[in-house]
Amino acid sequence: MTSRALIRLSLIVNYMVFAVLLNSVGAVILQVQRSFDVSKAEASVLEGFKDLPIAIFSFIVASLLPKIGLKKGMLAVLFLVALICFIMPLTANQFWYFKLLFAAVGISFAVIKVSVFAMIGLVTSNTKEHSSLMSTIEGFFMVGVLLGNVFFSLFVNDADPSSREWLNVYWYLGLMSLAAAVLLYMAKINESESKREETRAWDEFLEMLKLVIRPLVLVFAASAFLFVLIEQSFMTWTPTFYQEVLKVPASMSIQAGAVLAGALAVGRLLAGIVLKRVHWLTFTLICTILVGICVLLTLPLTSSLPESVETITWFNAPFVVYLFPLLGVFLAPIYPTINSVVLSALPKYMQSSMSGLIVVFSALGGTTGSIITGHIFESYGGTNAFYFSLLPIALLCLVLVLLNRQVKTS
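What comes next is a walk through the structure. (Residues numbered from 1 in each chain as written. Predicted model: local features only at pLDDT ≥ 70, side-chain atom pairs only at ≥ 80, totals over all residues. Heavy atoms only, no water.)

### A closer look at the overall build of the chain
1) Next: Broken down by element type, the chain carries 19 helices and zero strands.
2) Next: Residue burial in the chain is summarised as follows: out of 410 residues, 60% are buried.
3) Next: Relative to all contacts within the chain whose residues are 6 or more apart in sequence, the contacts with residues 24 or more apart total 86%.
4) Next: If you sum the accessible surface of the chain, you get close to 15,800 Å²; carbon and sulfur atoms cover 68% of it. (Helix = DSSP H or I, 4+ residues; strand = E, 2+ residues; numbered from the N terminus. Buried < 20%, exposed > 50% of the residue type's maximum accessible area, 1.4 Å probe, protein only. Contact = heavy atoms within 4.5 Å. Areas by Shrake-Rupley, 256 points an atom, 1.4 Å probe, with all protein chains shown as cover.)

This is the structure in structure tokens:
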């Protein structure tokens, strides 16, 4: 395997590991309601404990990482996450342990995502190659989400809601983190283009702050915020939606999150092919509109469902159980596409700072979407909570048009 191929494989594996850890939040929200008697509103804050550290630390480390070393930063947080995972099955007997877990995962992902986005620019030589690798990495991120949800579901006890045997999954997640660290250690990465020796970290931090006031970045911030608000609303609350609205067993509800993630993975992997032939604005607008159509077509089907959950399996489930995840295929390509568009418009030495801002905007959108959806879900039901997504979907269409204008101006 060539050095560049090993680097790309390492980036994909590291991203997949954190896909499992980050997006386990939907399964954990369902399980802490069952095992720890936590309300939906209380459980929804787990998204905040995950996303706010991502936002805060991305802002801090984006300008520091090139000075410290992208690879060194990634290795440090992989070992941190492995340690936390090994502690969970031994000590997690209260809800605050899960807040601690997701805070640690959020801090670590801030380092991983900024580093991975910056490294994409180091191993690609043009815009099309950049977009293709970005879509591929984001596609495998969703593969990680899929595998993680399936893996979590294997540890869930449908017969005993209070059982905490599912915590044993963290032994395996700790081992995955260590394996990703070993692969990264083997990769030889030239980071010289990602930093400027003559500048101080403080100067680069100030430069990152100046990026925020650029019209291009402001419009991008709005698009990233809206997209992640929509995506995390679905990703985080799909397991609870499937159990309480679609009336399927808990393990099958978590597997439904895996099916949605699989649809997202397919959409992102296909996007790398489609974007070589179609302009990014046309493609993302069509995808956004189709997401809204999927919501309008599937949610009315939830009004007439059987009450019993004991006999429902993937072989005899109502049609809406299979139809709902389809929206993931259309939702998937939007995020990596807009990320690639804004990163490609900047020089390589600024891409680390911009990556930090991307993570900040995304984290804030994810937290907002999950908390709003959780409160609407508890007060008005899951169907109305997902109908709410039509508002940010409409706003996203408008912001994508504005983003295209700013890209042309830049």
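### Regarding the packing of helix H2 (residues 25-35) against helix H4 (residues 45-61)
1) Next: Running from N to C, H2 and H4 cross one another at 145°; their axes reach a closest spacing of 10 Å. Considering the relative orientation of H2 and H4, their crossing is right-handed. Of the residues in H4, those touching H2 at Val25, Val28, Ile29 and Val32 are Leu46, Glu47 and Lys50. (Axes fitted to C-alpha atoms, helices over the stretch in contact; angles between N-to-C directions. Left-handed = near helix turned anticlockwise from the far one by under 90°.)

### Considering unusual backbone geometry
1) Next: The phi torsion at lysine 247 lies on the positive side, around 65°, for a residue other than glycine.
2) Next: Along the chain, the position of lysine 247 falls in the loop between helix H11 (215-244) and helix H12 (250-274).
3) Next: The exposure class of lysine 247 is partly exposed, given its relative accessible area of 24%.

### With respect to the packing of aromatic side chains
1) Next: The full count for this structure, using the stated rule, is 21 aromatic pairs.
2) Next: Judged by centre distance (5.0 Å) and plane angle (55°), the ring pair of tyrosine 15 and phenylalanine 141 falls under tilted. Of this pair, tyrosine 15 sits in helix H1 (residues 3-22) while phenylalanine 141 sits in helix H8 (residues 127-153), and the two are 126 residues apart along the sequence. Exposure class is identical for tyrosine 15 and phenylalanine 141. Each is buried.
3) Next: Judged by centre distance (5.3 Å) and plane angle (80°), the rings of phenylalanine 151 and phenylalanine 155 are edge-to-face.
4) Next: Its relative accessible area of 24% is what places phenylalanine 151 among the partly exposed residues. (Phe/Tyr/Trp six-rings, centres within 6.5 Å; stacked < 30°, edge-to-face > 60°.)

### Section: the nonpolar core
1) Next: Core analysis: the largest hydrophobic core is formed by 140 residues, its most contacted members being Phe18, Phe98 and Tyr170.
2) Next: Per-element accounting of this core gives the leading share, 16 residues, to helix H7 (residues 96-122).
3) Next: Not counting chain neighbours up to four residues away, the residues in contact with phenylalanine 18 comprise Asn23, Leu78, Val81, Val105, Ser108, Phe109, Ile112 and Phe141. (Core = buried A, V, L, I, M, F, W, Y, C linked by side-chain atoms within 4.5 Å.)

### Let's talk about the side chain of threonine 337
1) Next: The residue threonine 337 is located in helix H16 (residues 334-344) in this model.
2) Next: Taking the relative accessible area as the measure of exposure, threonine 337 reaches 4% and is therefore buried.
3) Next: Within the structure, the side chain of threonine 337 is placed 2.6 Å from the backbone oxygen of proline 333, a separation counted as a polar contact.
4) Next: Not counting the four nearest positions on each side in its chain, threonine 337 is found in contact with Leu275, Trp280 and Thr284. (Polar contact = N/O pair within 3.5 Å; in protein donor to acceptor, adjacent residues only side chain to side chain.)

### So, the packing of H1 against H7
1) Next: Running from N to C, H1 and H7 point in directions that differ by 155°, and their axes come no closer than 10 Å. The angle between H1 and H7 falls in the class roughly antiparallel. Crossing handedness for the pair H1 and H7: left-handed. Together, Arg4, Leu11, Asn14, Tyr15, Phe18, Leu21 and Leu22 of H1 and Phe102, Val105, Ser108, Phe109, Ile112, Lys113, Val116, Phe117, Met119 and Leu122 of H7 make up the contact between the two elements.
2) Next: A per-class count over the contact of H1 with H7 returns 13 nonpolar, two polar and two charged. (Parallel < 35°, antiparallel > 145°, perpendicular 65-115°, else oblique. Nonpolar A, V, L, I, M, F, W, Y, C, P; charged D, E, K, R; others polar.)

Read these as geometric descriptors, not functional statements.
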